Amino acid sequence: MLVNNLVQYEDAYPINVNEEGDSLFYGFDYDIRSYAINMEFQHFHQFYELCIMLAPEAVHLLEGTRYDIECFDIVAIGPNILHRTYYPEGDPCKRIIIRFNVPQSEFQSNPFLRKVFTLFNEEIPIFRFSSEINKELYKPINDIFFLGKNKSETNNLLIHFKFMEFLTILYSHLSENTYATEAPDNSIEQKIYAITSYIHTHYSEDLSLETISSHFFISNYYLSHRFKEVTGFTLTDYIHMTRIRNVQTMLLNTDTPITDIAAACGFQSFSQFNRVFRKLVGTSPSKYRSKEEGVEIKKF
């Protein structure tokens, strides 16, 4: 079926190229989400992700910042970015989730490809275009939809080329992106989002209920209660999760000693660091580094 005469969609329709963790892989998931099955926690992963919204409205949290999105908006999520989508009460929301990785060798040999992927580094990586641009933009996505129906030996390569075409078109129209965030209000929910953003940029510092409450001029009790209500985490758990996320990135991408990583990410005690890491990741820091296992924080 065509959504608004623009995008091909079929519920519970997957298209996969290779396996997650391979240097080149794609996973196209056509599915629905609703208020009843909203994500409880923000999460992150080491691959790239695009969320194409095919519903009237939803909310996306990126690194603790709230963005309102609508039909045909595209959310670009780079590796290791904490995110969560929140769907309103009412009818289920259609969406396309595209998870993918491209070999590092392609980035090294292709300067233009590196430039195209800077769209994931935009200050606000959410894209909204006119109907005319959308017609051009979603044509290769529709081509991929039909390629997924045919199981020929050339399909994987064709899907790769079509997706690169899609990214190139998206990049070429960045200057015409009409997405704009609304002026923040003074609600407690907006203040909580501001606090989560603060945690993401100050995770290496001494953070506690008292210091954050003082910084944002809010009582300890009220912050503790409302933070859990808005984010789904206790404040302490959220701080730990943010720190461990950054620890994981450093473990996989640097040779820095583990003790130095723990200190750089805000842990005052190495024994506490080990305890929190095992709780959230399910293994020790040294085993995680050596085996590169479990790139997502476990729900708790």
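To be clear, the structure that these remarks concern was listed above.
Let us look at the structure shown here.

Rules used throughout
Residues numbered from 1 in each chain as written. Predicted model: local features only at pLDDT ≥ 70, side-chain atom pairs only at ≥ 80, totals over all residues. Heavy atoms only, no water. Helix = DSSP H or I, 4+ residues; strand = E, 2+ residues; numbered from the N terminus. Contact = heavy atoms within 4.5 Å. Pairing = 2+ DSSP bridges. Axes fitted to C-alpha atoms, helices over the stretch in contact; angles between N-to-C directions. Salt bridge = Lys/Arg side-chain N within 4 Å of Asp/Glu carboxyl O. Buried < 20%, exposed > 50% of the residue type's maximum accessible area, 1.4 Å probe, protein only. Phe/Tyr/Trp six-rings, centres within 6.5 Å; stacked < 30°, edge-to-face > 60°. Parallel < 35°, antiparallel > 145°, perpendicular 65-115°, else oblique. Left-handed = near helix turned anticlockwise from the far one by under 90°. Nonpolar A, V, L, I, M, F, W, Y, C, P; charged D, E, K, R; others polar.

**Here we look at the side chain of asparagine 155**
1) Next: Topologically, asparagine 155 is positioned in helix 4 (residues 155-172).
2) Next: Those residues within four positions of asparagine 155 in sequence are excluded, and the remaining contacts are Leu147 and Asn150.

**Quick look at the sheet that holds strand 6 (residues 57-62)**
1) Next: As summarised here, the arrangement of the three strands in space is 7-6-9, forming an open sheet in which the pairing is antiparallel. Single-partner strands in this sheet number two, and they are strand 7 (65-70) and strand 9 (83-86). Across the sheet, the axes of successive neighbouring strands diverge by a mean angle of 25°, strand direction being ignored.
2) Next: For strand 6 and strand 7, the ladder comprises six bridges, and the chain directions are antiparallel. Across the sheet, residue alanine 58 finds its bridge partner in strand 7, namely isoleucine 69.

**Quick word on the side chain of glutamine 8**
1) Next: Of note, glutamine 8 is situated in strand 2 (residues 7-8).
2) Next: Each residue touching glutamine 8, except ones within four places of it in the same chain, is listed here: Met1, Leu2, Tyr30, Ile96, Asn142, Phe145 and Phe146.

**A few points about the pattern of salt bridges**
1) Next: Tallied over the entire structure, the rule returns 14 salt bridges.
2) Next: Lysine 135 is paired through a salt bridge with glutamate 132; the nearest N and O atoms lie 3.4 Å apart. Of this pair, lysine 135 and glutamate 132 both sit in helix 3 (residues 131-147), three residues apart, which is roughly one turn of that helix. Each member of the pair lysine 135 and glutamate 132 is classed as exposed.
3) Next: Ionic pairing is found between aspartate 237 and lysine 279, a salt bridge with its closest N-O pair at 4.0 Å. Residue aspartate 237 is located in helix 8 (residues 235-253), and its partner lysine 279 is located in helix 10 (residues 270-281); the two are separated by 42 residues in the primary sequence.
4) Next: Classification of lysine 279 by relative accessible area gives exposed; the value is 51%.

**As for the packing of aromatic side chains**
1) Next: Under the defined criterion, the tally for this structure stands at 29 aromatic pairs.
2) Next: Here the aromatic rings of tyrosine 9 and tyrosine 30 are separated by 6.2 Å at their centres, their planes lie at 55°, and the arrangement is tilted. Taken as a pair, tyrosine 9 in the loop between strand 2 and strand 3 (13-17) and tyrosine 30 in strand 4 (residues 25-33) lie far apart in primary sequence, 21 residues in all. You'll find tyrosine 9 and tyrosine 30 in the same group, each marked buried.
3) Next: Considering the side-chain rings of phenylalanine 107 and phenylalanine 117, the 4.8 Å spacing of their centres and the 85° angle between planes classify their relative orientation as edge-to-face. Of this pair, phenylalanine 107 sits in helix 1 (residues 104-109) while phenylalanine 117 is found in the loop between helix 2 (111-116) and strand 11 (126-127), placing the two residues ten residues apart along the sequence.

**Quick notes on the packing of helix 5 (residues 188-202) against helix 8**
When two helices pack together, you describe them by how their axes are tilted relative to each other and by the distance separating the axes.
1) Next: Interaxial distance between helix 5 and helix 8 falls to 9 Å at its minimum, and their mutual angle equals 40°. Accordingly, the angle class assigned to the pair helix 5 and helix 8 is oblique. Like other packed secondary-structure pairs, helix 5 and helix 8 cross with a definite hand, here right-handed. On the side of helix 5, the interface is formed by Thr196, Ile199 and His200, while helix 8 contributes Leu235, Tyr238, Ile239, Thr242 and Arg245.
2) Next: When grouped by side-chain class, the residues that make up the contact of helix 5 with helix 8 number four nonpolar, three polar and one charged.

**Side note on the packing of helix 3 against helix 4**
1) Next: Running from N to C, helix 3 and helix 4 point in directions that differ by 165°, and their axes come no closer than 8 Å. Accordingly, the angle class assigned to the pair helix 3 and helix 4 is roughly antiparallel. Relative to helix 4, the crossing made by helix 3 is left-handed. Where helix 3 approaches helix 4, its residues Glu136, Leu137, Pro140, Ile141, Asp143, Ile144 and Leu147 are matched on the opposing element by Asn155, Leu158, Ile159, Lys162, Phe163, Glu165, Phe166, Ile169 and Leu170.
2) Next: Broken down by class, the residue content of the contact of helix 3 with helix 4 amounts to eleven nonpolar, one polar and four charged.

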